[in-house]
Amino acid sequence: MKKDIKITDAEYKVLNVLWKFKSANSKTIVNEVQKLELWNRKTVHTLLKRLVEKGAVIAEKEGSIYTYTPSIDKRQYTKSESESFLERIYSGSLSKFLTNFVDSEDISREELDKLYSILDSKKKTDK
């Protein structure tokens, strides 16, 4: 994945719709985004244009209709953003992040059990 692509929160919402459909025309994208946000059509088109300019989305014209396809993988993007956040805020330390998060948030017993399960599973696969 291209490391230098920075996606704004608004662009991410549009990109998330594209990841859901894998490929879609602008009308479909606008309709889906408008289910989530009170944005007009032009706003969504502007965000699509920015995503194309950044190289995060590919636009293909078929007649008078544009079809948009994400050029970055959601899983890779999420991993890259998580690593960037962890490095920037916690100097790359996952344990500092978890300590800060657990100390400052009300975490349900269910969430703690999920975290224990994830960590335990990781520990077993890394042996």
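Keep in mind that this is a model prediction, so the values were computed, not measured.

It is worth spelling out the sheet that holds strand 1 (residues 24-25) at this point. What the three strands build is an open sheet, ordered 1-3-2; its pairing is antiparallel. Taken across any chain shown, the strands that pair with only one partner, and hence form the sheet edges, are strand 1 and strand 2 (57-62). Two elements, strand 2 and strand 3 (residues 65-70), share six bridges in a ladder whose sense is antiparallel. Its bridge partner being in strand 3, Ala59 is matched across the sheet by Tyr68. Helix 1 (residues 9-21) contacts strand 1, strand 2 and strand 3 of the sheet and is inclined by roughly 90° relative to strand 3.

To continue, consider the nonpolar core. One broad trend across soluble globular proteins is that nonpolar side chains are buried collectively. Counting residues in hydrophobic clusters, the biggest one holds 21 residues, and the most contacted among them are Val14, Ile29 and Val44. At the level of elements, helix 1, helix 2 (26-36) and helix 3 (41-54) are the ones that each hand at least two residues to this core. At five residues, helix 1 tops the list of elements feeding residues into this core. With near-sequence residues (within four places) excluded, Val14 lies in contact with Ile29, Val33, Trp39, Val44, Leu47, Leu48 and Leu51.

Before going further, it helps to examine the pattern of salt bridges. By the definition in use, this model includes nine salt bridges. A salt bridge links Lys79 to Glu83; its shortest N-O distance comes to 2.5 Å. Taken together, the residues Lys79 and Glu83, both in helix 4 (residues 74-90) and four residues apart, mark about one turn of the helix. Residue Glu110 pairs with Lys114 through a salt bridge whose shortest N-O separation is 3.7 Å. One end of the pair is Glu110 and the other is Lys114, both in helix 6 (residues 109-125) and four residues apart, which spans about a single turn. Take Lys114: its relative accessible area is 43%, and that puts it in the partly exposed class.

Applying the stated rule across the entire model yields seven aromatic pairs. Judged by centre distance (6.1 Å) and plane angle (90°), the rings of Phe85 and Phe97 are edge-to-face. Of the two residues, Phe85 sits in helix 4 while Phe97 sits in helix 5 (residues 94-104), which places them 12 residues apart along the sequence. Judged by centre distance (5.5 Å) and plane angle (75°), the ring pair of Tyr90 and Phe97 falls under edge-to-face. Through successive ring pairs, a cluster of aromatic residues spans Tyr12, Trp19 and Tyr77.

Positioned with a positive phi, Lys22 is a non-glycine residue whose angle comes to about 70°. Relative to the helices and strands, Lys22 is located in the loop between helix 1 and strand 1. Classification of Lys22 by relative accessible area gives exposed; the value is 60%. Phi is positive for Ser91, close to 50°, though the residue is something other than glycine.

Parameters at a glance
Residues numbered from 1 in each chain as written. Predicted model: local features only at pLDDT ≥ 70, side-chain atom pairs only at ≥ 80, totals over all residues. Heavy atoms only, no water. Pairing = 2+ DSSP bridges. Helix = DSSP H or I, 4+ residues; strand = E, 2+ residues; numbered from the N terminus. Contact = heavy atoms within 4.5 Å. Axes fitted to C-alpha atoms, helices over the stretch in contact; angles between N-to-C directions. Core = buried A, V, L, I, M, F, W, Y, C linked by side-chain atoms within 4.5 Å. Buried < 20%, exposed > 50% of the residue type's maximum accessible area, 1.4 Å probe, protein only. Salt bridge = Lys/Arg side-chain N within 4 Å of Asp/Glu carboxyl O. Phe/Tyr/Trp six-rings, centres within 6.5 Å; stacked < 30°, edge-to-face > 60°.

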